[in-house]
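Survey of secondary and tertiary structure
In case you want the letters, here they are:
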Amino acid sequence: MVFDDIAHQVVHLCIHSLFSTSTLLSSKTSRSDADLFLIKHLLILREQIGAFDIEFVRPETEINFSKVVDRFREFSPGAIFSPTALRKVAQLPVVVENMFDAKEELEGKLRIAINSFTKSTAEEISLVIVGKTGLEEEIREAAGKFRESAEKILPSIQQKAEEYIGDSRTTDILVNAVMV
């Protein structure tokens, strides 16, 4: 059980480190490079922890004092230490049991990274149609520019994703998500 807790903490810290590195990369390279870096390394982490037979669920117990301060504000300064006030305040802390699953956390963060990549890439492609008023001629022109933008950007995204991830099936899934 102790090793499972340590394993969960290691996975959590790895995920946090990858997101921090991705944020740093996005300021030095492109958003798509940072997202692809993150996706690649989250996939590697998922593959690595799948090989271990660890219990992924880690219980965590905490006491929630969030309502105590609000309750103190309800009383006048002289009444804070009255027996009634102290009884009401003492009843407020709540014991909360949280179950943390390293595998679920990893899958959730992977979804976030994929959604970020898909959204930022789709926004890059669709920049040519932003702000169009709706006149028929303008719509035709914007549709043509959109097609050109997609035809230009998607192959480079496909190539970049293949370079980062190295798995054509995963790359195809990412590019298809952008196209949808």
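Further up the page is the structure itself.
What comes next is a walk through the structure. (Residues numbered from 1 in each chain as written. Predicted model: local features only at pLDDT ≥ 70, side-chain atom pairs only at ≥ 80, totals over all residues. Heavy atoms only, no water.)

All right, on to the side chain of Ser-32 then. On the secondary structure map, Ser-32 appears in helix H2 (residues 31–50). A distance of 3.2 Å separates a polar atom in the side chain of Ser-32 from a polar atom in the side chain of Lys-160. Among all residues touching Ser-32, those that are not within four sequence positions of it are Phe-117, Ile-157 and Lys-160. (Helix = DSSP H or I, 4+ residues; strand = E, 2+ residues; numbered from the N terminus. Polar contact = N/O pair within 3.5 Å; in protein donor to acceptor, adjacent residues only side chain to side chain. Contact = heavy atoms within 4.5 Å.)

Attention now moves to the layout of surface pockets. Each pocket or cavity is described by its volume, and for the largest pocket that value is around 280 Å³. Together, 15 residues line the largest pocket, and Leu-43, Arg-46, Leu-110, Asp-167 and Thr-170 are the ones closest to its centre. Sorting the residues of the lining of the largest pocket by element identifies H2, helix H5 (102–126) and helix H7 (168–179) as the ones contributing at least two each. Counting residues per element, the lining of the largest pocket draws most heavily on H2, at 6 residues. Considered class by class, the residues forming the lining of the largest pocket number 9 nonpolar, 1 polar and 5 charged. (1 Å grid on protein atoms, 1.4 Å probe; cavity = no way out; pocket = protein on both sides within 12 Å on 5 of 7 lines; lining within 4 Å. Points joined across faces, edges and corners; volume = space filled by probe spheres on them. Nonpolar A, V, L, I, M, F, W, Y, C, P; charged D, E, K, R; others polar.)

Attention now moves to the packing of H5 against H7. Close contact between H5 and H7 brings their axes to 8 Å; oriented N to C, the two are set at 50°. Between H5 and H7, the crossing angle belongs to the class labelled oblique. The two elements H5 and H7 meet at a crossing, and its hand is right-handed. Taking contact as the criterion, the partners of Ile-114, Phe-117, Thr-118, Thr-121, Ala-122 and Ile-125 in H5 are, on H7, Leu-174, Ala-177 and Val-178. Residues of the contact of H5 with H7, tallied by class, amount to 7 nonpolar, 2 polar and no charged. (Axes fitted to C-alpha atoms, helices over the stretch in contact; angles between N-to-C directions. Parallel < 35°, antiparallel > 145°, perpendicular 65-115°, else oblique. Left-handed = near helix turned anticlockwise from the far one by under 90°.)

Take the packing of aromatic side chains next. If you walk through the whole model with that rule in mind, you get 0 aromatic pairs. The side chain of Lys-109 reaches across the aromatic face of Phe-19, ending 5.6 Å from its centre. (Phe/Tyr/Trp six-rings, centres within 6.5 Å; stacked < 30°, edge-to-face > 60°. Lys NZ or Arg CZ within 6 Å of the ring centre and 35° of its normal.)

Moving on, we come to the pattern of salt bridges. Here the structure, examined in full by the defined rule, presents 5 salt bridges. Between Asp-33 and Lys-160 there is a salt bridge, and its shortest N-O distance comes to 3.4 Å. A residue pair is termed long-range when its members are at least 10 positions apart, and Asp-33 in helix H2 and Lys-160 in helix H6 (residues 136–165) qualify at 127 residues. We classify Lys-160 as partly exposed; its relative accessible area is 23%. Here Lys-145 ties to Glu-141 by a salt bridge, and the two come within 3.2 Å at their closest N and O atoms. Here Lys-145 and its partner Glu-141 are both found in helix H6, 4 residues apart, which amounts to about one turn of the helix. Owing to a relative accessible area of 37%, Lys-145 belongs among the partly exposed residues under this scheme. Since its relative accessible area comes to 44%, Glu-141 is described here as partly exposed. (Salt bridge = Lys/Arg side-chain N within 4 Å of Asp/Glu carboxyl O. Buried < 20%, exposed > 50% of the residue type's maximum accessible area, 1.4 Å probe, protein only.)

On to H7, then. Taking 1.5 Å as the rise per residue, H7 with 12 residues should run 16 Å; its terminal C-alpha atoms sit 16 Å apart, in good agreement. Turning to H7, its buried residues are Thr-170, Thr-171, Leu-174, Val-175 and Val-178. One side of H7 holds all its buried residues, which, seen down the axis, span an arc of 130°. Facing away from the buried surface of H7 by more than 90 degrees, the exposed residues are Arg-169 and Met-179. Of the surrounding secondary structure, the elements contacted by the buried residues of H7 are H2, H5 and H6. (Expected span 1.5 Å × (residues − 1). Arc of directions from axis to C-beta.)

Looking at Ser-32, the relative accessible area reads 8%, which means it is buried. There is a polar contact of 3.2 Å between the side chain of Ser-32 and the side chain of Ser-30.

What follows covers the packing of H2 against H5. Two elements in contact, H2 and H5, have axes whose closest approach is 9 Å; the angle formed by their N-to-C orientations is 155°. With respect to their mutual orientation, H2 and H5 come out roughly antiparallel. Here H2 and H5 pass one another in a crossing that is left-handed. Listed contacts from H5 to Arg-31, Ser-32, Asp-35, Leu-36, Leu-38, Ile-39, Leu-42, Leu-43, Leu-45, Arg-46 and Ile-49 of H2 are Leu-106, Glu-107, Lys-109, Leu-110, Ala-113, Ile-114, Ser-116, Phe-117 and Ser-120. Residue classes in the contact of H2 with H5 are distributed as 12 nonpolar, 3 polar and 5 charged.

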